[in-house]
Amino acid sequence: MRRLMAVQGLTCCARNVVPFMSINANIPTTREISSRTFFIAMPLLILGAGGGLLLFTRFVAPGPAWALLIVFLLLGLVLTGICAPLVYLCRWLIPRLRRSGLITNHSLRESAILSIYILFNLLMHLLQSWNPAIALVSLGIAIIIEVLILGRG
């Protein structure tokens with residue numbers, strides 16, 4: 001009987017049968033980063049990833065594809081670390097954007113999308129396939145992704 005109730009998502013507590021979801025309904029799924037932690041972690045991220053990028057480009061030859069992938073990953077971390085405080089500052093300075101509240105998670109998400117946009121255009125330039133039309137299309141894709149994420153949340 002208990003095994004059947006566990007399969008159906010029910011648990012037996014004394015005499016009652018309680019669904020699992022009601023037990024964990026008040027636990028938040030995401031955790032907000034405080035501004036203090038945000039402004040301490042971003043320079044550390046920039047220093048760590050930037051130092052790793054400098055050391056990697058100094059000691060590894062630019063031949064294999066895995067080296068290029070690691071350079072792009074480290075460059076993405078550096079760009080995210082640089083853009084996140086700038087996005088937070090822009091949201092803080094423009095009062096119309098402050099209505100939704102200064103949430104550091106939003107700044108991290110927007111800076112990640114911005115750094116992915118920059119890395120995509122850099123990759124297209126590296127492959128000698130870049131032109132302004134690709135830049136505009138990828139900017140439109142980034143804006144659509146941001147709007148979809150804002151609509152979901």
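Residues numbered from 1 in each chain as written. Predicted model: local features only at pLDDT ≥ 70, side-chain atom pairs only at ≥ 80, totals over all residues. Heavy atoms only, no water.

1. Some words on helix H3 (residues 35-59)
Under the 1.5 Å per step criterion, the end-to-end length of H3 is 36 Å for 25 residues, consistent within 8% with the ideal 36 Å. Along H3, the residues that are buried comprise Phe38, Met42, Ala49, Gly50, Leu53 and Phe56. The secondary structure elements touched by the buried residues of H3 are helix H4 (65-93) and helix H5 (104-126). (Helix = DSSP H or I, 4+ residues; strand = E, 2+ residues; numbered from the N terminus. Expected span 1.5 Å × (residues − 1). Buried < 20%, exposed > 50% of the residue type's maximum accessible area, 1.4 Å probe, protein only. Contact = heavy atoms within 4.5 Å.)

2. So, a nonpolar patch on the surface
Taken together, the side chains of Leu68, Leu123, Leu126 and Leu127 make up a nonpolar region of the molecular surface, amounting to roughly 330 Å² of accessible area. Note on placement: Leu127 falls in the loop between H5 and helix H6 (132-152). Judged by relative accessible area, which is 51%, Leu127 ranks as exposed. (Patch = residues over 30% accessible without salt bridge, like charges linked within 9 Å, V, L, I, M, F, W, Y side chains within 5 Å. Areas by Shrake-Rupley, 256 points an atom, 1.4 Å probe, with all protein chains shown as cover. Salt bridge = Lys/Arg side-chain N within 4 Å of Asp/Glu carboxyl O.)

3. Considering the pattern of salt bridges
Applying the stated criterion across every chain yields a total of three salt bridges. Its salt-bridge partner being Arg109, residue Glu146 comes within 2.8 Å of it at the nearest N-O pair. Taken as a pair, Glu146 in helix H6 and Arg109 in helix H5 lie far apart in primary sequence, 37 residues in all. As far as burial versus exposure is concerned, Glu146 and Arg109 are alike and both buried. One network of salt bridges, in which partners are shared, links Arg91, Arg109, Glu110 and Glu146.

4. Here we look at the packing of H3 against H5
At a minimum axis distance of 10 Å, the contact between H3 and H5 shows a crossing angle of 35°. Judged by residue contacts, Ser35, Phe38 and Met42 of H3 engage Thr104, Ser107 and Leu108 from H5. Residue classes in the contact of H3 with H5 are distributed as three nonpolar, three polar and no charged. (Axes fitted to C-alpha atoms, helices over the stretch in contact; angles between N-to-C directions. Nonpolar A, V, L, I, M, F, W, Y, C, P; charged D, E, K, R; others polar.)

5. Let's talk about H5
Within an α-helix, residues lying three or four positions from one another point in the same direction, as the helix has 3.6 residues per turn. Relative to the 33 Å expected for 23 residues at 1.5 Å per residue, H5 spans 32 Å between its end C-alpha atoms, a close match to the ideal helical length. The set of residues buried in H5 consists of Thr104, Ser107, Arg109, Ser111, Ile113, Ser115, Tyr117, Leu119, Asn121 and Met124. Buried-residue contacts for H5 involve H3, H4 and H6. Among the residues trailing H5, Gln128 stands out with phi positive, at a value near 55°.

6. Description of unusual backbone geometry
For Gln128, which is not glycine, the phi dihedral falls at a positive 55°. Along the chain, the position of Gln128 falls in the loop between H5 and H6.

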